[in-house]
Amino acid sequence: MMELRIQLIPTGEIILSPGKNGENFCHNCKVVGTDGVRAMMESALTARDRVGVQDFILLENYTSEAAFIENLRKRFKENLIYTYIGSVLVSVNPYRDLEIYTKNHMERYRGVNFYEVSPHIYAVADNSYRSMRTERKDQCILISGESGAGKTEASKKILQYYAVTCPASDQVQTIKDRLLQSNPVLEAFGNAKTLRNDNSSRFGKYMDIQFDFKYPSMSLSSRTSSLSSPVSPWPLSRRQGAPVGGHIINYLLEKSRVVHQNHGERNFHIFYQLIEGGEEDLLRRLGLERNPQQYQYLVKGNCPKVSSINDRSDWKVVRKALTVIGFNEDEVEELLNIIASVLHLGNVQYGGEEGVACITCDTQIKYLARLLGVNGTVLTEALTHKKIIAKGEELISPLNLEQASSARDALSKAVYGRTFTWLVNKINTSLAYTDDSYKHYSVIGLLDIYGFEVFQHNSFEQFCINYCNEKLQQLFIELTLKSEQEEYEAEGITWEPVQYFNNKIICDLVEEKFKGIISILDEECLRPGDASDITFLEKLEDTVGGHPHFVTHKLADGKTRKVMGRDEFRLLHYAGEVNYNVNGFLDKNNDLLFRNLKEVMCMSENKILTQCFDREELSDKKRPDTAATQFKASLAKLMEILMSKEPSYIRCIKPNDSKQSGRFDDVLIRHQVKYLGLMENLRVRRAGFAYRRRYEVFLQRYKSLCPETWPNWEAKLSDGVATLVKHLGYKPEDYKLGRSKIFIRFPKTLFATEEALENRKHSLATMLQAGWKGYSQRSKYQKLRTSAIAIQAWWRGILARRRAKRRRQAADTIRRFIKGFIYRHKERCPENEYFLDYVRYSFLMTLRRNLPKNVLDKSWPTPPAALTEASEHLRKLCMQNMVWIYCKRISPEWKHQMEQKMIASEIFKEKKDNYPQSVPKLFLSTRLDGENINPKVLQALGNEKLKYGVPVTKYDRKGYKPRQRQLLLTANSAIIVEDAKLKQRIDYDTLKGISVSSLSDGLFVLHVPSDDNKQKGDVVLQSDHVIETLTKIAICANKVNNININQGSITFTVGQGKEGCIDFTPGSELLVAKAKNGHLSVTAPRLNSR
Ligand SMILES: Nc1ncnc2c1ncn2[C@@H]1O[C@H](COP(=O)(O)OP(=O)(O)OP(=O)(O)O)[C@@H](O)[C@H]1O
Ligand SMILES: [Mg+2]
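Right, let's walk through the structure included here.

Procedures and definitions
Chains are numbered independently. Their residues run from 1 in the order of the written sequence. The order in which chains are written sets their letters, starting at A; the order in which ligands are written sets their numbers, starting at 1. Where totals are concerned, whole chains, interfaces and linings use all residues; where local detail is concerned, this predicted model gives features only for residues with pLDDT of at least 70, and gives and counts side-chain atom pairs only at 80 or more. Working from all heavy atoms in the structure, the side-chain values ignore hydrogens and water. The way it works is that DSSP assigns letters per residue, a run of H or I at least four long becomes a helix, a run of E at least two long becomes a strand, and they are numbered from the N terminus. The size measure is the radius of gyration over C-alpha atoms, and the globule rule it meets is 2.2 Å times the number of residues to the 0.38 power. For every residue, the accessible area (1.4 Å probe, protein chains only) is compared with the maximum for its type, and the residue is labelled buried under 20%, exposed over 50%, or partly exposed between those bounds. Note that water is not among the atoms considered, so a metal site may appear incomplete; the donors listed are N, O and S atoms within 2.8 Å of the metal, with 3.2 Å applied to Na, K and Ca. We call a residue near a molecule or strand as soon as one heavy atom of that residue lies within 4 Å of the molecule or strand. Residues adjacent in sequence count toward polar contacts only when both atoms are side-chain atoms; beyond that, a polar contact is any pair of N or O atoms within 3.5 Å, and within protein one must be able to donate a hydrogen and the other to accept it. Residue burial considers only the protein chains on display, and all accessible areas are found by Shrake-Rupley using a 1.4 Å probe. As a working rule, the residues Ala, Val, Leu, Ile, Met, Phe, Trp, Tyr, Cys and Pro are called nonpolar, Asp, Glu, Lys and Arg charged, and the rest polar, with Gly in that last group. Under the convention used throughout, the expected extent of a helix is 1.5 Å for every residue step, that is, one less than its residue count. One requirement defines pairing of two strands: DSSP has to find at least two bridges between them. By the convention used here, residues are in contact when the closest approach between their heavy atoms is within 4.5 Å. Lines are fitted to the C-alpha atoms to define the axes, a helix being fitted only along its stretch in contact, and any angle between axes, read from their N-to-C directions, falls within 0 to 180 degrees. These descriptions rest on fixed angle ranges, namely under 35 degrees for roughly parallel, over 145 for roughly antiparallel, 65 to 115 for roughly perpendicular, and the rest for oblique. In a left-handed crossing the near helix is turned counterclockwise from the far helix by less than a right angle, and in a right-handed crossing that turn is clockwise. Only rings of Phe, Tyr and Trp enter the pairing, Trp through its six-membered ring, and a pair is recorded when the two centres are within 6.5 Å. The plane angle decides the type: under 30 degrees is stacked, over 60 is edge-to-face, the rest tilted. Side-chain atoms within 4.5 Å are what join buried Ala, Val, Leu, Ile, Met, Phe, Trp, Tyr and Cys residues into a set we call a nonpolar core. Patch membership is restricted to residues that have no salt bridge and whose relative accessible area is over 30%. Joining uses 9 Å for like charges and 5 Å for the nonpolar side chains Val, Leu, Ile, Met, Phe, Trp and Tyr. Here a salt bridge means any side-chain nitrogen of Lys or Arg lying within 4 Å of a carboxyl oxygen belonging to Asp or Glu. Two residue types count as positive, namely Lys and Arg, and two as negative, namely Asp and Glu; His and chain ends fall outside the count. In plain terms, the charge of a residue is placed at NZ if it is Lys, CZ if Arg, CG if Asp and CD if Glu.

## Remarks on the overall build of the chain
From N to C terminus, the chain includes 38 helices and 33 strands. Expected size for 1090 residues packed as a compact globule is a radius of gyration near 31 Å; at 68 Å, the chain overshoots this value by more than 25%. Expressed as lengths along the three principal axes of its C-alpha atoms, the size of the chain is roughly 215 × 80 × 70 Å. Split into buried and exposed, the 1090 residues of the chain put 50% on the buried side.

If you want it as structure tokens, here you go:
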């Protein structure tokens, strides 16, 4: 899980600790790039000590410049380049790309209160935009700072912010594109590489961005909603706040750069871009070579290439931008003709003798004539002569070499300068707000103007620039004080006068009519006679010599004199002292172009030049205003414009002179802090109260610190704040309650409150966590519970339905059953078919469970009437099956046994009493084995195989004396053996029959033929295994049918026709004895089996 820590430090700055992987998150902001959030949200920095305060008014020691710079330094080291002084944004050039200008950042600042987020240029842009919308007041954003401090970048960022965040339609998109694309064009023509900045603006620029406001009656809420949503519900024609036009005013282009550059500097970018990037064809037409070294105007600084600039790709950008802005091909061609002609002009070389200049080579003139669309001869003439009109007469006099060169340079400067102005006007036409249906629009002005400049040698340009900065400072202080005062008034708090340095005195010194420096300079320029820069200086000494802010070498004390030249004057500006060298002041102020050069240009066929050089200018007798006067007038106008608007300020600071990122040069910065008047600004802002906030914001932030205001204060806000600060123990002198805001005098009071909040946050966090955990667990539980109930309900429903169904089915079954039972004896019909089927089914199922286990098991369930026949079949089948199985399992021995038993059964079953007892006893194969039979007998038998032997008792025929004998059965005869003697052999063929009684005795008689002499008559024997013995004999002799079972008595022959008789009677035990009647009487025990 990612850990997120959000910390709020005074004035609502949010600090985010990074996650474990270095990512950053923000609760109400979109997630943005790692670096981006870091810089924007000041993440990873939890201590105020490290990041400093984000608003200088919270500096405890606000009068200390060191503390101020230290705070700036701390922030700079953490890439926090923006810091507020109240509503003024101080920006330090990071000299590297910070990822804090993404679309996400723009979204983050859009529509958000100034103090809710960390300082950013987007906050200023958005604040101005919102003020414009809500208060319906035009706004302006003043960006100042020294060269390279980041003014132009800042203005571009603001423009981009509006281009991205403001609503747009196709038409508006065109304007947005043109607004954005005006930058590369103006930069190409008006910016140059200087020692201080590779892309230094060499002109001042004020740009109005016009926003449409057609329906002023629209409510605030709907306006806000259209702002916050990128796709507004309003059709654009009715929507408010889209950028619909723009207007640019340019100030004092540094024209001298066209003809001269200091070492290490360059001319305006466009020259290099054209030479590097222009197509071959184009260069040929313009008569240019692809080598800047060929042009005198480009070699002065000896710096044709700059590593940070890619002229070739910039050329492409500019070419495209020109098209976007609305230049057609002809206009571009003519514009480039002019640029090329300036280069050719620079290459015009003079020669000649005795001070009369002439042009040594006319190649350049040929190009110039074509490019400028003028007559070459006339141009040559104008470049070597001057025409003066004195008392209505034209006087033409030749120029000497020096004059001719300066006339040529003057022409170059004039052509370039005027073309630049034309370019600005052209852009203005393309940006013009064209919708005439309702001429109401609001404006945000962006002023990107040169900052205060101090060089080793300061000239007329620095004088103008620094004068401009004096004016802006004056406006700034006045407006800041004014707004402070207004706020106090609005809040009903007594205004406490603030001590501040009023630089009006310096402004007056420069611009005052008749007495000011500009007036004196003009006077010197205009007066007849030998006016020179030195006479100008003397005049200054005479006129303003006593001014406390003016010093010259002559007027200075000894110490100052050492650092001043004799041709210099020093102004004690609000920002510091600057020495100006008067050399060139008059010329630059005059900015003169000889009349004949003007005439030539007026005759030009180049459409741009005809607009730049108006013929009326020639007939106008009045001398044109001097450069300084023009500048003064344009500044006055600018002040008017700015005064009519609500200002916001961006003060840009340059951290070092070497354009390095991460280097913070204390001395350089102290200097800028001083001349940007930041300390003064802070002092004014802190004069009364360091901190102020609207009641709702203050209460919202700190309400948790007081039980009465926590969690919500329902009554009046001011009462809530009063209760809160009372609870916090604020002393009456520490704060004041205004109408809608609380004013806190010292930052320490706020910090103490902030710390209390910091501590309170822990318990709040615990509370919130507990609440949240409880809530989330409760909701989880509730969810589970509802789910469980739902499942239960469903399941119970299912079960109940199943049960009901089963009950219904059961009832149906029972009903059918009963009906069936009632109709059971009827023919099969719908009423009884179920029952009958059931009975059958039930019988079959019972049968299945109770089938007989074996062949002897005779059990069989009673079938219903309808199945009697089937049952019988089944029973038979079952029995057959069991028998089949039984038979399959029978061994040959057992089969033999069973066959014998079968024969026994056939013979004796139900005929002889001891038969049943014999059934379970197995027949043995023999009851006499080799050991029991005398070997002699065996020997006598020879090959005859003995099939069965059993011990028997033989009863004599006469006396019925019992004698123990053995009965042996062979394949052909039964042999009676007495020990070792074969006593009698009865061949089976001769065996007439066998008699036996029906009682349980073991006696039997073997009947032999009486006429056989070998035989001694029938043999009466007794065997203990009579059934077995007789069965064996019957089988061996094949006499199964010859066994007679007799009741009562058996008669037998006793040789020679005599007969014997055996009487059988049942009795209690076996008795065999000779009866008195001479019969053998056998009493056989009665057995229960029969
Ligand atoms: N916010 C910024 N982020 C990154 N780089 C910046 C930023 N601002 C300025 N720079 C860098 O500083 C350089 C100088 O900035 P810029 O041209 O805006 O200065 P300037 O104040 O307009 O100077 P001049 O008065 O000479 O026109 C830029 O080219 C750019 O490299
Ligand atoms: Mg600039």
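## Details of the coordination of the magnesium ion (ligand 2)
Note on metal geometry: ideal angles are 109.5 degrees for four donors arranged tetrahedrally and 90 or 180 degrees for six donors arranged octahedrally. The protein atoms donating to the magnesium ion (ligand 2) are Thr-152 (OG1) and Ser-201 (OG), with metal-donor distances spanning 1.9 to 2.0 Å. Residue Thr-152 is found in helix H6 (residues 151-165), and its partner Ser-201 is found in strand S7 (residues 200-201); the two are separated by 49 residues along the sequence.

## Side note on the site of ligand 1
Taken together, 17 residues are adjacent to ligand 1, and Ser-147, Lys-151, Thr-152, Ser-200 and Ser-201 come closest. Between ligand 1 and Ala-149, the relevant distance is 3.3 Å, taken from an oxygen atom to a main-chain nitrogen or oxygen of the residue. Within the side chain of Asn-197, an N or O atom sits 2.9 Å from an oxygen atom of ligand 1. For ligand 1, whose unbound accessible area comes to 620 Å², protein coverage reaches 86%. Of all the secondary structure elements, the ones that give two or more residues to the shell around ligand 1 are H6 and S7. With three residues, the single largest contributor to the shell around ligand 1 is H6. Counted by class, the shell around ligand 1 contains four nonpolar, nine polar and four charged residues.

## Overview of helix H18 (residues 460-491)
The periodicity of an α-helix, 3.6 residues per turn, causes residues three or four places apart in sequence to face the same way. For H18, built from 32 residues, the straight-helix expectation of 46 Å at 1.5 Å per residue is met to within 8% by its first-to-last C-alpha distance of 46 Å. Most of H18 sits out of view: 25 of its 32 residues are buried. Taken from the residues just after H18, Gly-492 is the one with a positive phi, measuring 70 degrees.

## Focus on the pairing of strand S8 (residues 204-212)
Where burial is concerned, most of S8 is hidden: nine out of the nine residues are buried. Where burial is concerned, the two faces of S8 agree: the one with Gly-204, Tyr-206, Asp-208, Gln-210 and Asp-212 and the one with Lys-205, Met-207, Ile-209 and Phe-211 are both buried. Bridging between S8 and strand S9 (residues 243-251) involves eight bridges; their strand directions are antiparallel. Bridging across to S9, Gly-204 finds its partner in Tyr-251. Sheet topology note: the S8/strand S14 (residues 441-448) ladder contains eight bridges and is antiparallel.

## Side note on the side chain of Arg-965
Within the secondary structure layout, Arg-965 lies in strand S23 (residues 962-970). If sequence neighbours within four positions are ignored, Arg-965 has contacts with Val-950, Pro-951, Val-952, Lys-954, Ile-976, Val-977, Glu-978 and Lys-983.

## Observations regarding H6
With 15 residues, H6 should reach 21 Å at 1.5 Å per residue; the first-to-last C-alpha distance of 21 Å fits that figure. Of all 15 residues making up H6, 12 are buried, and the element is well covered by its neighbours. Those residues of H6 not exposed but buried are Lys-151, Thr-152, Ala-154, Ser-155, Lys-156, Lys-157, Ile-158, Leu-159, Tyr-161, Tyr-162, Ala-163 and Thr-165.

## Comments concerning the pairing of strand S3 (residues 82-85)
Residues Tyr-82 and Tyr-84 line one face of S3 and the alternating positions Thr-83 and Ile-85 line the opposite face, and both faces are buried. Pairing analysis gives four bridges linking S3 to strand S4 (residues 88-92), with the strands arranged antiparallel. Paired with Thr-83 across the two strands is Val-90, which belongs to S4.

## What about the sheet that holds strand S32 (residues 1071-1074)?
In spatial order, the strands read S30-S31-S33-S32; together these four strands make up an open sheet with mixed pairing. Each edge of the open sheet carries a strand with a single partner, namely strand S30 (1049-1053) and S32. For this sheet, the mean angle separating the axes of adjacent strands, direction not counted, is 20 degrees. Across four bridges, S32 lies against strand S33 (residues 1080-1085) in antiparallel orientation. The residue bridging Ala-1073 from the neighbouring strand is Ser-1081, located in S33.

## Topic: the packing of helix H7 (residues 170-190) against helix H10 (residues 269-277)
When two helices pack together, their arrangement is captured by the angle between the axes and the distance separating the axes. Between H7 and H10, the shortest axis-to-axis distance is 5 Å and the interhelical angle comes to 100 degrees. Here H10 runs roughly perpendicular to H7, going by the angle between their axes. On the side of H7, the interface is formed by Glu-187, Ala-188 and Phe-189, while H10 contributes His-269, Ile-270 and Gln-273. In terms of residue class, the contact of H7 with H10 is made up of three nonpolar, two polar and one charged.

## Considering the packing of H18 against helix H27 (residues 627-643)
Orientation of H18 relative to H27, taken along the N-to-C sense of each, is 20 degrees, at an axis distance of 11 Å. The angle between the axes of H18 and H27 places the two elements in the roughly parallel class. Classified by chirality, the crossing of H27 by H18 is right-handed. Contact residues: H18 offers Phe-460, Cys-464, Tyr-467, Cys-468, Lys-471, Leu-472, Leu-475, Glu-478 and Leu-479, while H27 offers Ala-627, Ala-628, Phe-631, Lys-632, Leu-635, Met-639, Leu-642 and Met-643.

## Brief notes about the packing of aromatic side chains
Taken as a whole and assessed by the stated rule, the structure comprises 37 aromatic pairs. An angle of 25 degrees between the planes, with centres 5.0 Å apart, marks the rings of Tyr-122 and Tyr-161 as stacked. With Tyr-122 in helix H5 (residues 121-135) and Tyr-161 in helix H6, this residue pair connects regions lying 39 residues apart in the sequence. The same class applies to Tyr-122 and to Tyr-161, which are both buried. Here Tyr-162 and Phe-211 contribute two aromatic rings whose centre-to-centre distance is 5.5 Å and whose plane-to-plane angle is 80 degrees, an arrangement assigned as edge-to-face. Taken together, the residues Tyr-162 in helix H6 and Phe-211 in strand S8 connect sequence positions 49 residues apart. An identical accessibility class is assigned to Tyr-162 and Phe-211; each is buried.

## Let's talk about the nonpolar core
In this structure, Tyr-162, Phe-189 and Phe-271 are the most contacted members of the largest nonpolar core, which totals 111 residues. Here the element with the most residues in this core is helix H17 (residues 401-431); it accounts for 13 residues. Listed in part, the 93 residues of the second largest apolar core include Ile-465, Leu-475, Met-639 and Tyr-730.

## Concerning the sheet that holds S4
Strand order in the open sheet formed by seven strands is S3-S4-S18-S5-S14-S8-S9, with mixed pairing between adjacent strands. A single partner strand is all that each edge strand has here, and the edge strands are S3 and S9. Strand-to-strand twist across the sheet, computed as the mean angle between neighbouring axes with direction ignored, equals 20 degrees. Its contacts with the sheet place H17 against S8 and S9, and it is angled at close to 165 degrees to S9. The strands touched by H27 are strand S5 (139-145), S8, S9 and S14; relative to S9, the strand with the most contacts, the crossing angle is about 145 degrees.

## Describing a nonpolar patch on the surface
The grouping of Ile-814, Ile-818, Phe-821 and Ile-822 at the surface amounts to a nonpolar patch, some 410 Å² of accessible area in total. Looking at the secondary structure, you find Ile-822 in helix H32 (residues 747-822).

## Digging into the pattern of salt bridges
For the structure shown, the criterion picks out 52 salt bridges. A salt bridge links Asp-409 to Arg-408; the shortest N-O distance between them is 3.2 Å. Residue class for Asp-409 comes out buried when judged on its relative accessible area of 16%. Accessibility expressed as a relative area gives 11% for Arg-408, which makes it buried. The closest approach of N and O atoms between Lys-654 and Asp-657, which form a salt bridge, is 3.4 Å.

## A closer look at a positive patch on the surface
Taken together, the side chains of Arg-802, Arg-803, Arg-806 and Arg-807 present a region of like positive charge at the surface. With respect to the secondary-structure elements, Arg-803 resides in helix H32. Relative accessible area serves as the criterion here: at 44%, Arg-803 is assigned to the partly exposed category.

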